[in-house]
Amino acid sequence: MSDRIRIRGLEVFANHGVYEEETKLGQKFLVDVSLHLDTRKAGFSDDIHDSVDYGSVCHFITKYMKEHTFRLLEAVAEQLAGELLLQLPKVGRVDLEIRKPWAPIGLPLTEVAVSVSRGWHTVYLSVGSNLGDRAGYLRFAYDRLSSIPYIRDVRISSLYETAPYGVTEQPPFLNAAVSLGTLYTPCELLDLLHAVEAEAGRERKVHWGPRTLDLDVLFYDDCVLEQKDLVVPHPDMVNRMFVLEPLAELCPGKVHPVLGKTVLQMRQELQRTGA
């Protein structure tokens, strides 16, 4: 998204800093922010409701920085960027720089600054359950994810009953796919999903064993990531009809960033193999 609204040099007198005199006496901060959004509709309608009121944004930034106190500029920037994205649903990304011209370091300098770029990411999950009230656990996952501030626009596919995969001597699964927007990084999201699984009573005793709730990250934007506890896109999704079938409901045209195939193509190819 190349359209943006820029605010430069907003002066805010606030009480942030490591030293006691900074939090007591306060000092001047300068804020630069770029709001990434589609301005085309506003360009034709000439209506502020189709855009973002940058005056209101300036007042929000000033109020937030005055009412909250942080020791580090990094914390000010991180928390403020997140709040702006939560408050401005039309904005997909925020580039924010907070400058401190009066930094008390005992040496001459123009300013110190912290810059961050934060935005919404599109994620697809596989959800499943084969213990207890399976549909109830899937509803719990949907409701719990929908209640988290850094997650929005949660959608869930139809539910599919499928035979167990890997360890076959266990009850059948109820599976679905979920799409959502999030401000979390992939690893932060994984930690959150594990916490939601734990809330649903999941116990990790047997690999691919029975579970009350299973939440797997399938896609995170077009990110390609390989870490010890997280591989994205999911490495085995291409072999799992119980993943591809519900996923094709939500994003049939989503292209796998490694294989170069759409979800629909992967489902059709797996279907042809008879797996």
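Relevant structure appears above.
Residues numbered from 1 in each chain as written. Predicted model: local features only at pLDDT ≥ 70, side-chain atom pairs only at ≥ 80, totals over all residues. Heavy atoms only, no water.

Draft legend 1. Molecular detail of the overall build of the protein. When you go through the protein residue by residue, the secondary structure sums to 8 helices and 11 strands. In terms of overall dimensions, the protein has a C-alpha envelope of 70 × 50 × 30 Å along the principal axes. Within the protein, the proportion of its 275 residues that are buried is 45%. Partitioning the contacts of the protein with sequence separation of at least 6, the portion at a separation of at least 24 is 65%. Carbon and sulfur atoms make up 52% of the accessible area of the protein, which totals about 14,600 Å². Here the protein contributes 30 positive and 38 negative side-chain charges, whose respective centroids are spaced 1 Å apart. (Helix = DSSP H or I, 4+ residues; strand = E, 2+ residues; numbered from the N terminus. Buried < 20%, exposed > 50% of the residue type's maximum accessible area, 1.4 Å probe, protein only. Contact = heavy atoms within 4.5 Å. Areas by Shrake-Rupley, 256 points an atom, 1.4 Å probe, with all protein chains shown as cover. Lys, Arg positive; Asp, Glu negative; His and termini not counted. Charge placed at Lys NZ, Arg CZ, Asp CG, Glu CD.)

Draft legend 2. Seen up close, the packing of helix 3 (residues 54-67) against helix 4 (residues 73-87). In the contact formed by helix 3 and helix 4, the axes pass within 11 Å of each other and the chain directions differ by 140°. With respect to each other, helix 3 and helix 4 are oriented oblique. Here the hand of the crossing between helix 3 and helix 4 comes out right-handed. Packed against helix 3, whose contacting residues are V57, F60, I61, Y64 and M65, the element helix 4 presents V76, Q79, L80, E83, L84 and Q87 at the interface. For the contact of helix 3 with helix 4, the residue count by class is 8 nonpolar, 2 polar and 1 charged. (Axes fitted to C-alpha atoms, helices over the stretch in contact; angles between N-to-C directions. Parallel < 35°, antiparallel > 145°, perpendicular 65-115°, else oblique. Left-handed = near helix turned anticlockwise from the far one by under 90°. Nonpolar A, V, L, I, M, F, W, Y, C, P; charged D, E, K, R; others polar.)

Draft legend 3. Broad picture of the pattern of salt bridges. For the coordinates displayed, the defined rule picks out 17 salt bridges. The residue D133 makes a salt bridge to R139 at a minimum N-O spacing of 4.0 Å. The class of D133 is partly exposed, set by a relative accessible area of 48%. A salt bridge links K254 to D222, with the nearest nitrogen and oxygen atoms 2.7 Å apart. Here D222 lies in the loop between strand 9 (214-220) and strand 10 (225-226) and K254 lies in the loop between helix 7 (241-250) and helix 8 (263-273), a separation of 32 residues in the sequence. Taking relative accessible area as the criterion, K254 reaches 16% and is therefore assigned buried. Bridged by salt links that share partners, the residues D32, E97, R99 and E111 form one connected network. (Salt bridge = Lys/Arg side-chain N within 4 Å of Asp/Glu carboxyl O.)

Draft legend 4. Examining the nonpolar core more closely. In this structure, L35, I61, M65, L96 and I98 are the most contacted members of the largest nonpolar core, which totals 33 residues. Breaking this core down by element, the ones donating at least two residues are strand 1 (4-14), strand 2 (27-36), helix 3, helix 4, strand 3 (93-100) and strand 4 (112-119). Ranked by residues supplied to this core, first place goes to helix 4 with 7 residues. Residues in contact with L96, not counting those within four places in the same chain, are V31, D32, V33, A77, L80, A81, V114, S115 and V116. The next biggest cluster of nonpolar side chains, apart from the first, holds 27 residues, and it includes V123, L145, Y184 and Y220. (Core = buried A, V, L, I, M, F, W, Y, C linked by side-chain atoms within 4.5 Å.)

Everything listed here is a matter of coordinates, which is why it stays silent on function.
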